[in-house]
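Fold and contact review
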Amino acid sequence: MITFTDKRCFSQQQLQELFKSVNWLSADYPERLYKALNNCETVFTAWDNDLLVGLINAIDDGELTAYVHYLLVRPEYQKVGIGKELLRLVREKYKDYLYVELIAESRELIGYYEKNGFNNVQDVYVMGIMNK
């Protein structure tokens, strides 16, 4: 049975293993990743006993806008509703905010996010700088 919590009971190693499971670059910086997730406003995690299987985090301005930064689920746990529940928890927490925003990092994810209540915003362009 999968359990969900907003308690930050994860270790640096557990985070690194989860992020490695989906081949995300953040896994290469375990100390910084751990610090970042312990310093952001919102983190919900999904657990199968003591195995961290999913995570979502959001950064907010305290009143109007929340940004979902990470949403990831171990590949072997995908397609069973874990990501959907993590998104629901964030949407519930921020239900009184004007905006809850996220970036779909591939076209394939747009449909998934739309099924979970998000809309594709036209004429908006994501800009960024990646410092390695």
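The numbering scheme is per chain: residues are counted from 1 as the chain's sequence reads. Selection of residues for local features in this predicted model requires a pLDDT of at least 70, selection of side-chain atom pairs for listing and counting requires 80 or more, and totals for whole chains, interfaces and linings are taken over all residues. Excluding hydrogens and water, the side-chain values take into account all heavy atoms of the structure.

To continue, consider the overall build of the chain. Looking only at helices and strands, the chain has 4 helices and 5 strands in total. In this text, helices come from DSSP runs of H or I with a minimum length of four residues, and strands from runs of E with a minimum of two, each type numbered from the N-terminal end. Moving toward the C terminus, one meets the helices and strands of the chain in the order β-α-α-β-β-β-α-β-α. Just to be clear, the radius of gyration here is over C-alpha atoms, and the globule rule we use is 2.2 Å times residues to the power 0.38. What you see for the chain is a C-alpha radius of gyration of 15 Å, in line with the 14 Å of a compact globule of 132 residues. Judged by the C-alpha coordinates and their principal axes, the chain covers about 40 × 35 × 30 Å. Counting every position in the chain, which comprises 132 residues, the buried fraction comes to 36%. For the chain, the proportion of contacts with a sequence separation of at least 24, taken over those separated by at least 6, is 59%. For accessible areas, the Shrake-Rupley method is used with a probe of radius 1.4 Å. Any residue's cover is judged against the shown protein chains and nothing else. Surface summary for the chain: the accessible area is close to 9,000 Å², and the carbon and sulfur share equals 49%. The charge count includes Lys and Arg as positive and Asp and Glu as negative, but it does not include His or the ends of the chains. Charge coordinates come from a single atom per side chain, which is NZ of Lys, CZ of Arg, CG of Asp or CD of Glu. Counting 15 positive and 19 negative side-chain charges, the chain places the averaged centre of each group 3 Å from the other. Burial classes: relative accessible area under 20% of the type maximum marks a residue as buried, over 50% as exposed, and values in between as partly exposed (1.4 Å probe, protein chains only). Contact between two residues is taken to exist if any of their heavy atoms lie within 4.5 Å; hydrogens are not considered.

Now for the nonpolar core. By size, the foremost hydrophobic cluster in this structure holds 19 residues, and its most contacted members are Ile-56, Ile-82 and Leu-86. If you tally residues by element for this core, the top one is helix H3 (residues 82-93), at 5 residues. Among the nonpolar cores identified, the runner-up in size contains 15 residues, and Leu-18, Phe-19, Val-22 and Trp-47 belong to it. As used in this record, nonpolar core signifies buried Ala, Val, Leu, Ile, Met, Phe, Trp, Tyr and Cys residues forming a set joined through side-chain atoms within 4.5 Å.

Moving on: the pattern of salt bridges. Counted as salt bridges are all cases of a side-chain nitrogen of Lys or Arg within 4 Å of a carboxyl oxygen of Asp or Glu. Here the structure, examined in full by the defined rule, presents 2 salt bridges. A salt bridge links Arg-88 to Glu-85; the nearest nitrogen and oxygen atoms lie 2.8 Å apart. With a gap of 3 residues between them, Arg-88 and Glu-85 both fall in helix H3, about one helical turn apart. Judged by its relative accessible area of 43%, Arg-88 is partly exposed. Judged by its relative accessible area of 22%, Glu-85 falls in the partly exposed class.

For the rest of this paragraph, the subject is unusual backbone geometry. Residues other than glycine seldom take positive phi values, yet Asn-23 does so here, at roughly 60°. In this model, Asp-123 sits at a positive phi of 60°, which is unusual for a non-glycine residue. Along the polypeptide, Asp-123 turns up in the segment after helix H4 (107-115). Residue Asp-123 is classed as exposed on the basis of its relative accessible area of 66%.

Next up on the list: a nonpolar patch on the surface. Patch membership needs two things, relative accessible area over 30% and no salt bridge, and members are linked within 9 Å if like-charged or within 5 Å if nonpolar (Val, Leu, Ile, Met, Phe, Trp, Tyr). Taken together, the side chains of Leu-25, Tyr-29 and Met-130 present a nonpolar region at the surface, about 290 Å² in accessible area. Of note, Leu-25 is situated in the loop between helix H1 (12-21) and helix H2 (30-39).

Each aromatic ring pair is summarised here by two numbers: the centre-to-centre distance and the angle between the ring planes. Pairing of aromatic side chains requires ring centres within 6.5 Å, counting the rings of Phe and Tyr and the six-membered ring of Trp. Pairs whose planes differ by under 30 degrees are stacked, by over 60 edge-to-face, and all others tilted. Overall, the coordinates contain 7 aromatic pairs when judged by the stated rule. Ring centres 5.5 Å apart and planes at 70° place the aromatic pair Tyr-112 and Tyr-113 in the edge-to-face group. On the basis of relative accessible area, Tyr-112 is assigned to the partly exposed category, the value being 28%. When its relative accessible area of 9% is taken as the criterion, Tyr-113 is described as buried. Counting every residue linked through ring pairs, the aromatic cluster contains Phe-19, Trp-24 and Tyr-70. The aromatic ring of Tyr-29 is capped on one face by Arg-32, whose charged end is 5.9 Å from the ring centroid. Only when the NZ atom of a Lys or the CZ atom of an Arg is both within 6 Å of the ring centre and within 35 degrees of the ring normal do we say a charge sits over the ring.

Turning our attention to H1. Residues Gln-14, Leu-15, Leu-18 and Phe-19 constitute the buried set of H1. For H1, the arc enclosing every buried residue in end-on projection is 125°, short of the 170-degree limit, so these residues lie on one face. Lining the buried residues of H1 we find H2, strand S2 (42-48), strand S3 (51-60) and strand S4 (65-73). Positioned one or two residues after H1, Asn-23 has a phi angle of 60°, which is positive. Relevant arc is that of directions from the helix axis to the C-beta atoms, nothing else.

That's the geometry; what it means functionally is another story.
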